[in-house]
Each structure stands twice: as C-alpha cells, then as structure tokens.
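Reading the structure
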Amino acid sequence: MEEVMLDSSQMTSQQALCDPSEQQSRKRPQLSTLKLFIVALSFAYFSKALTGTYMKSSITQIERRFDLSSSQIGLIDGSFEMGNLLFLAVVSHFGAKLHRPRLIAVGCFLMSVGAFLTGLTHFFMGRYTYDTVIQAFQNNSVSIAACVDPLNIPEIQMEPSVEDHAACERESSSHMWIYVFLGNALRGIGETPVTPLGISYIDDFAKAENSPFYIACLQTITLLGPMFGFLLGSYCARLYVDIGYVDMESVTITSKDARWVGAWWLGFLVSSALLLVSSIPFWFLPRSLPKQEGEEGKPTATPDGEGDTLNSNHNLRLTEIAKGFLPSLKRLLGTPAYFLLLCGNILKFNSFIGLFTFKAKYMEQQFGQSASRANFLIGVVNLPAVAVGIFLGGLLMRRYKLSVVSGAQLSFATSFVGYLLLLLQFGTKCDNVPVAGLTVSYNGTRSVSYDGGTLFSDCNRDCSCSAEEWDPVCSDSGITYVSPCMAGCLSSSGRGKNTVFHNCSCVSASFPAGSSMSVRLGQCPHAKDCSRSFTSYMAVSVLSSFINSLGATPGYMVIIRCISPELKSLALGIQALVTRTLGGIPAPVYFGALIDLTCLKWSVKRCGGTGACRLYNSDLYRIIFLGLITCLSGSSYFFVIAVIILLRRQFRRQEQEKETKQELKPFVETGAGSKSPKLLHDPKVRVKVEKDEGEADGRETPPRDDGLTSPNNTQALISSSSSSSPPHGANVEMVCKETVAQVEKEMPDHHTTDKNESEKGS
C-alpha cells in the first residue's frame, strides 16, 4: 500500500489528470469533503436560526430586566438587521474572490462573540431587585402595617441623597442595554457571509442535479432552529434570572408576575457555544474543490499564461457587470409585476415581523400566559404547522406543475383565507383583569383610567401610599390592588410568597359587611372563560399559520418567473435588501411604540424615569396589535390582485400568439404534403418549420399589406414552391427556426426564386 501511495505521489499533475484510476481515487475524498461542508453548513444554519429565534423569545425578559419600553426593545431587536445589511453587499460581492469556508468560519465566530457579549451583560449588572413591601421586613417576623408605607418610614428611607446622585447615574443597569444592542448587531454582521457564500460554494462544486437537493436539505434543517430556539426560550424563562445566586424561597413573585425575569442570559451563552463549535470545521476546508460533473477528467488548473488571460477576462467581465448594474436595476424596477410584488411583500413582511416579534408578549398580556408557556406553544404548535405548510406548498407546485398565474392565484387564495382567519382572532379575547383604580373603580365598576390619581380613594387616602409602586395583591372577590398599601391593609401574617394581608379597608368598601377583608400576594388570574378563549385563539392561530405558509413557495416562485432569467439573482437580492431594510428594522420599533400607548401602569426607575410597563389595557392592546397586522396584510392584497391581473393579461396574449402559430402550422404541413399530378416522379419538396417555444418573446408581427399572411395565400405559396422542379432532381428544404412569422417573411423570396426557376425551365 505504501509503494502505491509513493508512486502516486511521484506522478506529475498531468499524469494524475489523465489517469482514470487516479481520478477514481481522488473522487471519493472530494465527495466526502463536499459532504463535510454541507454537514458543517447545516449545523451553522441550525445554530444561527436557533440564536435568532431565542432573541425573539427573550424580548419580554430583556424588557423587564433593563426597564425598557416596547419601542426600545424593538430597536434592539432591529439591530441585527442593521448589522447584517451594513456588510451584506460588500461580503456578497468580494466574498467569492476569497477563501469562502474561512469567511464563513469568521462569520460564525463573530456571531458567537455577539451572542456571548449579549449574555455576558448579565454578570455586570448585579442582582435583580424588584419593588415589594416584603423586602423591607424580610428578616423580621413582625406584622407589616402596609397602610403606612414602610418605604416612607424615615429609618428605612430609600430616597437617594445628593451624594448618591452621581452613583445613581452610574447605576450598572442604566445603560447596559447598549451592550445587548451591540451584541445583536455584531451577530448580524457575522451572519452576513454564511448564507450567500455557503450556497454559492455548494452550487459551484456540486453536481448540477445534486445542488438543489443539498440546498433543500439545508432549508429543512434550518426549520428546526426556530423550534428549538423557542423551546430553549421557554426553559430559560421558567428559571429565575439570578438562579444559583439567591435563595428561591426569598423570591416572592411567580413566573406569571409582570416583574418576573427569567434566566435570559443562559440561552445566549448556550447559543454562543453552538455557534463557536459550528465555526471549527470551516477552518480546515479547502478554498475550492474539483467540479463534480460528468467530465471529472477535465483539468481544474490552467497554465500561467492562460490564467492571466482568464483573470483579465474576469476583471473585464466585472467591469462590464458594474457598468450594466444601473440599467439592469432600472429594467428590473420598470417591470410592473415585479415592482408591485415588491411593494406587496414589504407590507406583508412588516406585518410578519411585528407578529413574530410580539406574539409571545401578546399571549402573555391578553390571556395571562407565562412567558415560558407562550414560547413553548409557539415552538411546539405554530412552527411545525408552518414547516408542513411550506413543504406542502412546494409539493403542490411540483405535483400539478402550476404556471405563474396559477401560482400567484394559489398564493393569494391561501394568504387571503389566512387573513380571514386572522380577523377571527378579534373575537378570541379576555377582558381586562380587574385592577382597582386602573380598570375598575374601588367599588367594582368597570372604567379604564390612565390617570394615576384614580389609584387613590377614600379608603386609602390616609395611608401615605406611593402611586409609583407595583406590588399587586389579590382579594377573594377577584379584584387586584396595586399594592397592600393601596388596599388599605393594616396587618399581615406568613412569610415570603405565603404572606397574607388582613384588615384591608378598601376590600370592605366594595363588598358587604362580613365578607373577607384579606388579600394575598400576586395578581389575580383571569376569569375561567379566558382559558376557553385562549384555546380558540391557538386553534385559529395554528390553522392561519398553516394556510398562510401553503402559499409561501408559490409566491416565491412567482417572483422568479415573472422576470427575465438574467435578472433573477438581482431581483432576489433587491427583494431581500428592500424588505429587510423597510420591514425588518422599522417594524419592531413602530409596533412597540403603538403597544406602549396601551400601557396603564409604568414602573419607575430608581433614579427616575419610566421603566417597563406593568399592566396593559388588554382590549386596546388587542385592537392595536391585531388591527395593525390586518391593515398591513390587507393593504398588500391590492398589489397582489394587480399582479394577478397583469400576469393574466400577459399570458392571455401569449396564449393567443401560440394559438395563431398553431393555426398556421397545419396549413404549412398540408401545403408541404400536397402532391401535384405532374410531380409524381419528381423529387419531393419539404418545408420544415422548427419553433423554439422557450425563446418566444411575445412580440407581435405587424400586418402585411400584400395579403400573404392569410392561410389561403400561405398555402398557395407552398403549393407554388412545391410545383417547381429544381434542376438535377435535388430536394429543396426550407427551415425556419424561430417563429412562423419568419417563415412568412421568407416565403415571398422563395416564391420569387421558384417562379424564376420555373420560367427558366420552361
């Protein structure tokens, strides 16, 4: 074996290329290298998709931990698109000239660093604290007189002094969210080379018939990433943010509390490790591989002189491409069907990003679900339905060989049915949780108020309560009070989560004498009928997601097929750039800003300023959130309908032209096959018409004034040509390759020639 390897190593490169046995021996390592690249790229796709969806699932946790509004958290979420689009064009253009596997390795490493930086922020912020009356007396067994606010007692006054103002400004959690913003943007920069360079590497070195299969495998594995990302988000949201550092018995809030913060940082560290591992194989993969085509024996290297010539031609070709970019872009945007589809996709993508970003938060606020349960249901129920819908949509396109018009109609029909189901979600609702002074009055009358002054009533006006507190307690009547002080409670019993407050004057104000005047820690749950509404919401949501995804593949194919083949790559690139710029970046921000308008109770930062929202007006939240989604989606259908009308007109015109050609073809064949009695022994004259259906450009032939375009005249021309007898008995064959119009154009010339020959023969 060693001698064979030695002999093989001593062969020249030309011998190695020409020796079939050497080709076979080299083919197997090359195939394994390509497969190794595909496996590594699949794992990188999985890891980056998992990290991206984990970021979406942690929106609520980050918002509460850093005391941010929904618009601010939307800006952080959009930073990924900012970093990605900043380098997308540069990497896509110059990446193909460099070592693509190593560029992908660098990208995965940058994504790993970005995720690690995001999670590392937690360790520089100190312990998470939340406002609660229990903390002031945590080590005491005395009864808490909540009606006299313990935070306002001089001995334990928490108000910062003048000397503490500088330290207050330097509070560790005040501006640490900027590092989360930068980490997410860095992750976006790292994601830039993975997709374009990975796909182009496979397409360059795989067999032409295998390349689509490999890319389909990549997309299938990528679909698993979001599912596991939401499952990881569900698990981490169940864990307390400072787990391992605090005694969980001392934590007085539960996962359904508006102040609860899960271990959001843990998932970023896990995803960072996955991304780091995914980068390792690409460092050891070659820059290029032999092309796996039928001609494996074709040399992959060229002499130096030829290489210089190819390089100069390549540079010239790049120069020509650069010069032709603006005309191609103008031609692309001048295509009405593509431009209208682009406008519709921008609106649709805005609605999708808004829904995907704040869906879990909507389930928390509208139906009282914990963040952990909301993420779990999205990952286990919604996303698999989307994956099945995308697969079945592609299967329908392949099974029934749908045309562009049929694909556009299928995409519109499925999307519109999903839109109608989305409208049904307006009816799946839960009423506002009764909170005294915010959603109901202290006597139980329903009235929503955004005025902090309504928190006070005669029953608690002498309690020196703070309107900035949020430490909710629940009475047996189902009414929630903002704090034990606001409930007018005078004593307490128990410790930690089991603390119960007694002799609450505001509780007795809304119920007859003799009823319970005690409250317990925590917000009251939603009514029992809310669980039925949530079940209906999930059923409608899953069905809507499935039907919507059925039209995803046909809609994507419409974009590819409605434009010229040489503009496909540019069209897809412009679509990705425009939709992500006008949808991925602004949508989370303005969705969050509109959601902030529905907030009833804001938290207040220790150093002043508004923090995260503690309670939303769920009715207004539902109307704004679902209303914005339906308005954006509904507006996109006007563009889609216009595209369908344009495509139907275009294809109707093409069908008419085809029918005209089909009508002309029988006359041509009949004329060529007719025989004259005096030509029984003469050689036959054939007219062969070859049409190239794929090159028909839809141009109409102007009418001719000589009347030769009519079927009868065409047949007369062919008969006249057939009746002429060329010298030496040679057969005459007229071939018209492009269109029947060219046949008609050439027929008068042949008619004149044959007539002259007939006169000469006579």
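Structure: above.
Just so it is clear, the model here is predicted, and its values are computed rather than measured.

**Some thoughts on the pattern of salt bridges**
Between side chains of opposite charge, a pair can form as their charged atoms come close. Enumeration according to the criterion identifies 9 salt bridges in this entry. Note that Arg580 and Glu81 form a salt bridge whose closest N and O atoms lie 2.8 Å from each other. Here Glu81 lies in helix α5 (residues 70-94) and Arg580 lies in helix α20 (residues 568-584), a separation of 499 residues in the sequence. Taken individually, Arg580 and Glu81 each receive the classification buried, so the pair is uniform in this respect. One salt-bridge network, in which partners are shared between bridges, spans Asp257, Arg259 and Asp471.

**Regarding the nonpolar core**
Among the nonpolar cores identified, the biggest contains 59 residues, and Ile62, Phe66, Ile76, Trp264, Met363, Phe591 and Phe625 are the most heavily contacted of them. Ignoring anything within four residues of it in the chain, the contact list for Trp264 reads Tyr54, Ser58, Gln61, Ile62, Arg65, Phe66, Thr118, Gly119, Thr121, His122 and Val241. Counting 31 residues, the second largest nonpolar core, distinct from the first, contains Ala436, Cys485, Cys504 and Val519.

**A few points about the packing of helix α16 (residues 404-424) against helix α18 (residues 529-550)**
It is at 7 Å that the axes of α16 and α18 come closest, and there the two elements cross at 165 degrees. Considering their axes alone, α16 and α18 lie roughly antiparallel with respect to each other. Both α16 and α18 take part in a crossing whose hand is left-handed. In this structure, α16 uses Thr414, Ser415, Val417, Gly418, Leu421, Leu422 and Leu424 to contact α18, whose residues at the interface are Val540, Leu543, Ser544, Ile547, Asn548 and Leu550. Classifying every residue of the contact of α16 with α18 gives 8 nonpolar, 5 polar and no charged.

**Let's talk about a nonpolar patch on the surface**
Taken together, the side chains of Phe43, Val106, Val277, Ile280, Trp283 and Phe284 make up a nonpolar region of the molecular surface, amounting to roughly 580 Å² of accessible area. Within the secondary structure, Val277 sits in helix α11 (residues 264-279). Residue class for Val277 comes out partly exposed when judged on its relative accessible area of 46%.

**Some thoughts on the sheet that holds strand β2 (residues 480-481)**
Ordered by their spatial adjacency, 5 strands build an open sheet running β2-β1-β5-β4-β3, and the pairing between neighbours is antiparallel. For this open sheet the edge positions go to β2 and β3 (491-493), each flanked by a neighbour on one side alone. In the sheet, strand β1 (residues 473-475) pairs with β2 via 2 bridges, with the strands oriented antiparallel. Its bridge partner lying in β2, Cys474 is registered against Thr480.

Parameters and conventions
- Residues numbered from 1 in each chain as written.
- Predicted model: local features only at pLDDT ≥ 70, side-chain atom pairs only at ≥ 80, totals over all residues.
- Heavy atoms only, no water.
- Salt bridge = Lys/Arg side-chain N within 4 Å of Asp/Glu carboxyl O.
- Helix = DSSP H or I, 4+ residues; strand = E, 2+ residues; numbered from the N terminus.
- Buried < 20%, exposed > 50% of the residue type's maximum accessible area, 1.4 Å probe, protein only.
- Core = buried A, V, L, I, M, F, W, Y, C linked by side-chain atoms within 4.5 Å.
- Contact = heavy atoms within 4.5 Å.
- Axes fitted to C-alpha atoms, helices over the stretch in contact; angles between N-to-C directions.
- Parallel < 35°, antiparallel > 145°, perpendicular 65-115°, else oblique.
- Left-handed = near helix turned anticlockwise from the far one by under 90°.
- Nonpolar A, V, L, I, M, F, W, Y, C, P; charged D, E, K, R; others polar.
- Patch = residues over 30% accessible without salt bridge, like charges linked within 9 Å, V, L, I, M, F, W, Y side chains within 5 Å.
- Areas by Shrake-Rupley, 256 points an atom, 1.4 Å probe, with all protein chains shown as cover.
- Pairing = 2+ DSSP bridges.

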